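Listed below, chain by chain, are the residues.
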Amino acid sequence: MVRLVTLVNNTPELRVDKVDVFCWGAENSGCFSVSSVYRWCEHSLQSIDFGTSSKMIWQSVSIPRAKAFVWLAWRQRIKTSSYIQRIGIIPAAANTQCVFCKAEAESVNHVLLWCPFVWRVWADIFLWWGSQWVMQATVDGVLQ
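Reference entry: report on the structure contained in this document. Here the structure is a predicted model, which means the values were calculated and not measured.

**What about the environment of T52?**
Here is step 1 of the chain: Within the element layout of this structure, T52 appears in helix α3 (residues 50–58).
Here is step 2 of the chain: For the pair T52 and W40, spaced 12 residues apart in sequence, the C-alpha separation works out to 23 Å.

**A few points about a nonpolar patch on the surface**
Here is step 1 of the chain: Where nonpolar side chains cluster on the molecular surface, the patch consists of M1, L4, V5 and V8 and spans about 430 Å² of accessible area.
Here is step 2 of the chain: On the secondary structure map, M1 appears in the segment before α1 (2–9).
Here is step 3 of the chain: Using a relative accessible area of 76% as the deciding quantity, one classes M1 as exposed.

**Side note on the nonpolar core**
Here is step 1 of the chain: If you look at the biggest cluster of nonpolar residues, it comprises 9 residues: I57, A73, W74, I78, V108, L113, M135, V139 and L143.
Here is step 2 of the chain: For this core, the secondary-structure elements that each account for two or more residues are α4 (64–74), α6 (108–114) and α8 (139–143).

**As for the side chain of S81**
Here is step 1 of the chain: By the element assignment, S81 lies in helix α5 (residues 81–86).
Here is step 2 of the chain: Here S81 falls in the buried class, since its relative accessible area comes to 11%.
Here is step 3 of the chain: Setting aside its immediate chain neighbours within four residues, S81 contacts I90, T96 and E106.

**Focus on the state of the cysteines**
Here is step 1 of the chain: All told, the structure shown has 0 disulfides when counted by the stated rule.
Here is step 2 of the chain: No disulfide involves C98; its nearest neighbouring cysteine sulfur is the one of C115, lying 3.7 Å away.
Here is step 3 of the chain: The class of C98 is buried, set by a relative accessible area of 0%.

Definitions and cut-offs
- Residues numbered from 1 in each chain as written.
- Predicted model: local features only at pLDDT ≥ 70, side-chain atom pairs only at ≥ 80, totals over all residues.
- Heavy atoms only, no water.
- Helix = DSSP H or I, 4+ residues; strand = E, 2+ residues; numbered from the N terminus.
- Patch = residues over 30% accessible without salt bridge, like charges linked within 9 Å, V, L, I, M, F, W, Y side chains within 5 Å.
- Areas by Shrake-Rupley, 256 points an atom, 1.4 Å probe, with all protein chains shown as cover.
- Salt bridge = Lys/Arg side-chain N within 4 Å of Asp/Glu carboxyl O.
- Buried < 20%, exposed > 50% of the residue type's maximum accessible area, 1.4 Å probe, protein only.
- Core = buried A, V, L, I, M, F, W, Y, C linked by side-chain atoms within 4.5 Å.
- Contact = heavy atoms within 4.5 Å.
- Disulfide = S-S within 2.5 Å.

What follows is the structure in structure tokens.
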């Protein structure tokens, strides 16, 4: 609350002699263009390293079926009900709730990490290994 009040109190004053205009921050000129969006996206994606997780998945000693499953999970392509509804295989009105907990929509991260039933499995595995772990937010976070 204090931070919000501070932000509101420190906002710059409106200037009546200036006209409001749209300004595209990704371009020095402030003018929007498709090529500037392309350059901005290209620059933003350079910081993402797709190679590390990919190499770890495919160069592991796991069986090919497990590698393929992890690859699909990493790319958010596991055939959850939310995914197959999004691509139009099941109707929009269909129930996409998690089959285990019936509390949230069935997504890759929910089914593999966040569902209370699945979380209990992870907790038991780490207890069995004698380890403690903080659950990651995404499958990619687990791989990293």
